[in-house]
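Breakdown of the fold
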Amino acid sequence: MAGRINDDDVKAVRDAVPIDAVVSEYLQLRSAGGGNLKGLCPFHDEKSPSFQVSPSKGLFHCFGCQEGGDTIAFVMKIDHLSFSETVERLAARAGITLRYEEGGYNPTHQRGERIRLIEAHKAAAAYYAGQLSGAEAEIGRRFLAERGFDQAAAEHFGVGYSPAGWDHLTRYLRGKGFSDKELILSGLSQDGRRGPIDRFRGRLMWPIRDVGGDVVGFGARRLRDDDNGPKYLNTPETPIYRKSQVLYGIDLAKKDIAKASRAVVVEGYTDVMACHLAGVTTAIATCGTAFGGEHIKILRRLLMDNGSARVIFTFDGDAAGQKAALRAFEDDQKFAAETYIAVAPDGMDPCELRLVKGDDAVRELVEPRTPLFEFALRQIVGRYDLETPAGRAAALDEAAPIVARIKNVASQHEVAVELAGMLGILDTQFVVKRVAQLARWARERGGAPDGRARPGAGPRPGPRQPAGPAALGPAQPSFTGPALNLRSPAHRTERELLKLALQYPALVSPAFDAYGADEFTAPPYAAVRRTVAEAGGAAQGVDNAPDYLARVREAAADDTVRALVTELAVEAVLTRAVDEAYAGEQLVQVRLRAVDRRVREVQGSLARLGAHGDPERLAAVQNELWVLQQYAQSLRNHGASAL
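Residues numbered from 1 in each chain as written. Predicted model: local features only at pLDDT ≥ 70, side-chain atom pairs only at ≥ 80, totals over all residues. Heavy atoms only, no water.

Observations concerning the overall build of the chain
Secondary structure assignment for the chain yields 26 helices and 16 strands. Here the chain holds 643 residues, and the buried ones make up 49% of them. (Helix = DSSP H or I, 4+ residues; strand = E, 2+ residues; numbered from the N terminus. Buried < 20%, exposed > 50% of the residue type's maximum accessible area, 1.4 Å probe, protein only.)

Structure follows, in structure tokens:
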């Protein structure tokens, strides 16, 4: 084994790679106020952003699904890596050489599986790109030139060529230290009669990158007539490549997609190239599969999926393209963005259009044209004879369930009116009521708008609690005692004081460190107070906040407490002016409630002792009560100065 990564190196990696820079590679972030950023959570579906990042603290937290942590935790979660793989990946990004407690420097063959597969693909991409200039690849260069792509375009997109021999790449990667097992697992090689052979041979190669820019697979285009394989051959499913979860060109397009709140979905690699070279730098494509739910999740995070966002599909005008558009419309309601379809009048794809009519024609093509719902409905309606009552009724039977899927009631009504016009049905309200009825049946039965129950559909869940700190706080699976309730003034103040202790320790230290865990009535908050104490107290955070928060998180008794610490460290404080006066108010309120509780307890003891109790014990209790009452009065009169 390679051994444990040196703690100082882990800290150096954590400090060297800003969390906002990493997170923004996967989703669009906008200001949330107070120095924090927000976006749509990549770990669960949501319509409004409840995912927050605190660059100053190096932490993230989602108030919807409760995921949270530091930069390392984010990369581990989103890319499904182990701790060591994540640290190695971030260290490579930051140019940090890691040390290991046992076994010295970590040799290449001992690195994590995903890192190794990524490295193999990176080496393969470089190899293929180098081969494109060779004599054998002349057929590939001619293919590109015929479609308007020169050497600079090939280099920009990393296009390469796989030699026609059996094992050129396999032998090359073996020489780089990769094992046969790794090459088979990566999908770059496959089993042959005498050992591994190249999967891709004699083809033009497009590297497929994930959102983070790592090469995770390839798309290979057939060039020769004697190649009996499919026209396009893609990497098979591997530990790092899932065709339903990758979009070709996303690494190049993500920044412009986020900036413009617009994405253009095309059908092929050359279409992406043509669009980008024509100035449509928000173009992306699926990789050998239909555009689906996982692709939508990627785009929604980049678009921030608000009402001004646009997604334009440029499917071919042929039957297959129309079928693809209908499939896309089935997932349309997963977007908050408006969706459109752009089909060239002569049915050309963007690559052909650029060749024939130039860059301006490509830019003109992807300007929003026909709403996707309108295109989909016209495709359905066009299959029926609308001159007959039977044809109109049959078209309505097929189209109405499609419209009923629209979740927004106002939009659903508007589209239903348009459908009536398409069908030539003068009684518009009949169509509107039919659509509304199908939608209502779907809601009641938990099924599709045609009334069929979804497989495995059970009772519909009740309304969800609103996401964020204004709801009922985090889940409490490992705490005993009363549940959190932020409508409780005590719980609300305790939460606010803990946020200050984690985010602004200088404002509450040293007074906070004298507070006992029993001064916090909510068990989860008492656990956080104990955790801060275990980490050395709030005084430790006065000079070095990032290290302080890391120590507090490490001191947590379990993952539940650690998650709550992260949440409180990221959640905004409930005031615009975070100053000593505000901090003093929270300190006083928590202490005063604790004193008042103790006063009531002592008064109860006094009542139980009665007038005939032990005189010495009675005097002690009376004295404690007097001291407590005086202290409470002092807190009320003098505030934080009485602490």
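There's more to say after this.
A closer look at the packing of aromatic side chains
Under the defined criterion, the tally for this structure stands at 18 aromatic pairs. Relative to Phe60, the ring of Phe51 lies with its centre 5.5 Å away and its plane at 25°, an arrangement referred to as stacked. Summarising the burial analysis for this pair, Phe51 and Phe60 share the class buried. The residue whose ring lies beneath Arg147 is Phe143, and the NZ or CZ to ring-centre distance is 3.5 Å. (Phe/Tyr/Trp six-rings, centres within 6.5 Å; stacked < 30°, edge-to-face > 60°. Lys NZ or Arg CZ within 6 Å of the ring centre and 35° of its normal.)

Some points on the packing of helix α3 (residues 71-79) against helix α4 (residues 83-94)
Between α3 and α4, the shortest axis-to-axis distance is 9 Å and the interhelical angle comes to 110°. On the basis of the axis angle, α3 is roughly perpendicular to α4. At the point where α3 passes α4, the crossing takes the right-handed sense. Note on element contacts: α4 touches α3 through Phe83, Thr86, Val87, Arg89 and Leu90, opposite Thr71, Ile72, Val75, Met76 and Asp79. Of the residues that constitute the contact of α3 with α4, the class distribution is 6 nonpolar, 2 polar and 2 charged. (Axes fitted to C-alpha atoms, helices over the stretch in contact; angles between N-to-C directions. Parallel < 35°, antiparallel > 145°, perpendicular 65-115°, else oblique. Left-handed = near helix turned anticlockwise from the far one by under 90°. Contact = heavy atoms within 4.5 Å. Nonpolar A, V, L, I, M, F, W, Y, C, P; charged D, E, K, R; others polar.)

A word on the sheet that holds strand β12 (residues 262-266)
Sheet strands pair via backbone hydrogen bonds, and the direction of the pair is either parallel or antiparallel. In spatial order, the strands read β13-β12-β14-β15-β16; together these 5 strands make up an open sheet with mixed pairing. Each end of this open sheet is capped by a strand with a single partner; those strands are β13 (283-285) and β16 (370-371). For strand β15 (residues 338-341) and β16, the ladder comprises 2 bridges, and the chain directions are antiparallel. Residue pairing in the sheet places Ile341 in a bridge with Thr370 of β16. Sitting on the sheet, helix α11 (residues 269-277) touches β12 and β13, and the angle it makes with β13 is about 175°. On top of the sheet, helix α12 (residues 293-303) reaches β12, β13 and β14 (310-313); it is set at about 155° to β12, its chief contact. (Pairing = 2+ DSSP bridges.)

Brief notes about the sheet that holds strand β6 (residues 160-162)
Across the sheet, 4 strands lie side by side as β6-β9-β10-β11; this open sheet has antiparallel pairing. Strands at the two margins of the open sheet, each flanked by one partner only, are β6 and β11 (232-234). Put simply, the sheet's adjacent strands are angled 35° from each other on average, direction ignored. As judged from the 3 bridges shared by β6 and strand β9 (residues 203-209), these two strands associate in the antiparallel manner. Among the inter-strand pairings, Tyr161 is bridged to a residue of β9, identified as Leu204.

A word on the nonpolar core
Of all hydrophobic cores here, the largest spans 48 residues; its most connected members are Phe51, Phe74, Ile250, Ile257, Leu299 and Phe313. The element best represented in this core is α12, accounting for 5 residues. Ranked by size, the runner-up nonpolar core spans 45 residues in total, among them Ala137, Val246, Ala278 and Cys287. (Core = buried A, V, L, I, M, F, W, Y, C linked by side-chain atoms within 4.5 Å.)

Re unusual backbone geometry
Phi is mostly negative for residues that are not glycine, and the peptide bonds are mostly trans. At the junction of Ser509 and Pro510, the peptide bond is cis and its omega measures out at 5° in the coordinates. Checked against the element boundaries, Pro510 lands in the loop between α21 (505-508) and α22 (523-534). Unusually for a residue other than glycine, Ser261 sits at a positive phi of about 55°. Checked against the element boundaries, Ser261 lands in the loop between α10 (250-260) and β12.

With respect to the packing of α11 against helix α14 (residues 350-357)
Put simply, α11 and α14 touch, their axes get as near as 7 Å, and they point 45° apart. With respect to each other, α11 and α14 are oriented oblique. Residues Thr270, Asp271, Ala274, Cys275 and Leu277 of α11 form the contact with α14, whose participating residues are Pro350, Cys351 and Arg354.

Quick word on the environment of Glu567
Looking at the element boundaries, Glu567 is found in helix α24 (residues 559-570). Take Glu567: its relative accessible area is 2%, and that puts it in the buried class. Residues Glu567 and His61, spaced 506 residues apart in sequence, show a C-alpha to C-alpha distance of 5.6 Å.

A closer look at the pairing of β14
Relative to β14, β12 runs parallel, the two being bridged by 4 bridges. Bridge pairing in β14 places Ala263 opposite Val311.

Some details on the pairing of strand β4 (residues 59-62)
A regular strand places its side chains on the two faces of the sheet in alternate fashion. Burial of the side chains of β4 extends over both faces: Leu59 and His61 are buried on one face and Phe60 and Cys62 on the other. As judged from the 4 bridges shared by strand β3 (residues 51-54) and β4, these two strands associate in the antiparallel manner. Opposite Val53, over in β4, you have Phe60 as the bridge partner. The antiparallel pairing of β3 with β4 creates a hairpin that spans 4 residues between the two strands, and Gly58 there sits at a positive phi of about 70°. Where β4 and strand β5 (residues 68-70) come together, 3 bridges link them in antiparallel fashion.

With respect to the pattern of salt bridges
Tallied over the full model, the rule gives 33 salt bridges. A salt bridge links Arg495 to Glu567; the nearest nitrogen and oxygen atoms lie 2.7 Å apart. Separated by 72 residues along the polypeptide, Arg495 in helix α20 (residues 489-503) and Glu567 in helix α24 bring together distant segments of the chain. Here Lys499 and Glu496 are joined by a salt bridge, their closest N and O atoms 2.9 Å apart. Pair noted here: Lys499 and Glu496 are both in helix α20, with a separation of 3 residues, about one helical turn. In this structure Glu496 comes out as buried when scored by relative accessible area, which is 2%. (Salt bridge = Lys/Arg side-chain N within 4 Å of Asp/Glu carboxyl O.)

Notes on the confidence of the model for the chain
Predicted confidence across the chain gives a mean pLDDT of 84, with 87% of residues reaching 70 or more. Within the chain, the element-level pLDDT minimum falls on helix α13 (residues 319-330), averaging 66, and the maximum on β6, averaging 98. Across residues 104-110, confidence stays below pLDDT 50; counting only partners more than four residues off in sequence or on other chains, it has 14 contacts. Between residues 451-478, whose pLDDT stays under 50, and residues either more than four places distant or in other chains, the model counts 38 contacts. (pLDDT = per-residue confidence, 0-100.)

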